[in-house]
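# Per-entry structural report
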Amino acid sequence: MNENRSHFTLYGKSPLLQLVVALLIAFILGGAIFLVLFLAGLPFSGIDFGAMSEDIFADIGDKDIMFFRYLLIVQSISFLLIPAIMVRRLLLPDIKSGLNDFNKPNFNEIAIVVLLAFCILPVNGIAGEINSAMKFPEWLSGLEEWMRSKEDEAADLIGLLLTSDSGGVLFLNLFIIAILPAISEELFFRGVLQRIFYGFFRSPHTAIWLTAILFSAIHLQFYGFVPRLILGLSFGYLYYWGRTLWLPLVAHFVNNATAVAGEYLQGSEPAEVVSEMADWTRYLFLPAPLIISVIILLYFRHKFEREKTENLKITEEADQAQF
């Protein structure tokens, strides 16, 4: 009986076909869902897009900010979460196989992943400063100006979203910027794309690096590309060596939630104090979190290699027992 295989499936198909179908679902179906939800929410926004100036965030009101929050939710659900769930269902032989990606880690592993997320913060801070200081040659000045403008727009939007004087808005921002992106992005990038790229190249490192590059590029914040690349690599290796999506998901959530909570707690004035701190003093503290981050990742690598060796030994003993 082949009733379980009567529907369309990507299981066992070529990685190229899997990738094409995954991208088509993300862009076409995701775009259609986004358009429907965007139009459904438009009457409640009060924004006149036709009369909008180049500075789209000028004189923006609280109602408009709430609509932008709504759009971020819709974007994550439409382009990432729903496509990820659909593609994973097509990639895997059955529903039970999809649960293998969510093996429950023990408390100690979760704790050291939280520590890793905090250690990556100062590393990414320095990497971001170096990244943002990059200069293009004169003949690419137009591209550089466009990239700077997009970066400023993204910073303005995040600044507006994070502006909050109430606990309710804080928890809403945590959901929009930390919880939902952690779930949807890890499901799509690590749970779908990294899996497909591994099948295509048969190299975990190539799959992790390529997925991390796409993860960083998709945010369209060019002067934050390197920090997001570092995050993508960390999440990718946590998934591969840890054998569960819970580890990168937790790290992703902690990274984003720290930024949201930090903005809420410090407000606008303390940011000026931080900027007055001498650059060289911050570089002095960089080696410690960098070394801790590497040690944590190596711990998961060692655990992965040990379990692989043990499983191989069990398989060999089982084969020998048959003779």
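Report follows, based on the coordinates. If you're wondering where the values come from, they're calculated on a predicted model, not measured in any experiment. (Residues numbered from 1 in each chain as written. Predicted model: local features only at pLDDT ≥ 70, side-chain atom pairs only at ≥ 80, totals over all residues. Heavy atoms only, no water.)

### A few points about the nonpolar core
- Counting residues in each nonpolar core, the largest one holds 45 residues, and the members touching the most others are Val113, Phe188, Val192, Leu238 and Phe300.
- Within the residue set of this core, elements represented by two or more residues are helix H1 (15-41), helix H2 (62-91), helix H4 (107-132), helix H6 (167-201), helix H7 (204-217), helix H8 (225-242), helix H9 (246-266) and helix H12 (287-321).
- Each residue touching valine 113, except ones within four places of it in the same chain, is listed here: Leu238, Leu247, Val250, Ala251 and Phe300.
- Counting eight residues, the second-largest nonpolar core is a separate cluster that includes Leu170, Leu174, Ile177 and Ala178. (Core = buried A, V, L, I, M, F, W, Y, C linked by side-chain atoms within 4.5 Å. Buried < 20%, exposed > 50% of the residue type's maximum accessible area, 1.4 Å probe, protein only. Helix = DSSP H or I, 4+ residues; strand = E, 2+ residues; numbered from the N terminus. Contact = heavy atoms within 4.5 Å.)

### Section: the pattern of salt bridges
- Counting across every chain of the model gives seven salt bridges.
- In this structure, glutamate 305 engages lysine 308 in a salt bridge whose closest nitrogen and oxygen atoms are separated by 3.6 Å. Taken together, the residues glutamate 305 and lysine 308, both in helix H12 and three residues apart, mark about one turn of the helix.
- The class for glutamate 305 is partly exposed, based on a relative accessible area of 31%.
- Here the salt bridges share partners, and the residues they tie into one network are Glu109, Arg243, Lys303 and Glu307. (Salt bridge = Lys/Arg side-chain N within 4 Å of Asp/Glu carboxyl O.)

### Re a nonpolar patch on the surface
- Where nonpolar side chains cluster on the molecular surface, the patch consists of Leu16, Val20, Leu23, Leu24, Phe27, Ile28, Phe200 and Phe201 and spans about 760 Å² of accessible area.
- Within the residue set of the nonpolar patch, elements represented by two or more residues are H1 and H6.
- The element best represented in the nonpolar patch is H1, accounting for six residues.
- Note on leucine 24: relative accessible area 44%, which makes it partly exposed. (Patch = residues over 30% accessible without salt bridge, like charges linked within 9 Å, V, L, I, M, F, W, Y side chains within 5 Å. Areas by Shrake-Rupley, 256 points an atom, 1.4 Å probe, with all protein chains shown as cover.)

### Some thoughts on the packing of H6 against H8
- H8 packs onto H6 with a crossing angle of 65° between their chain directions and a minimal axis gap of 11 Å. Judged by the inter-axis angle, H6 sits roughly perpendicular to H8. Judged by the twist between their axes, the crossing of H6 over H8 is right-handed. Across from Glu186, Arg190, Gly191, Gln194 and Arg195 in H6, the residues of H8 making contact are Gly232, Phe235, Gly236, Tyr239 and Tyr240.
- Taken together, the residues that form the contact of H6 with H8 break down as three nonpolar, four polar and three charged. (Axes fitted to C-alpha atoms, helices over the stretch in contact; angles between N-to-C directions. Parallel < 35°, antiparallel > 145°, perpendicular 65-115°, else oblique. Left-handed = near helix turned anticlockwise from the far one by under 90°. Nonpolar A, V, L, I, M, F, W, Y, C, P; charged D, E, K, R; others polar.)

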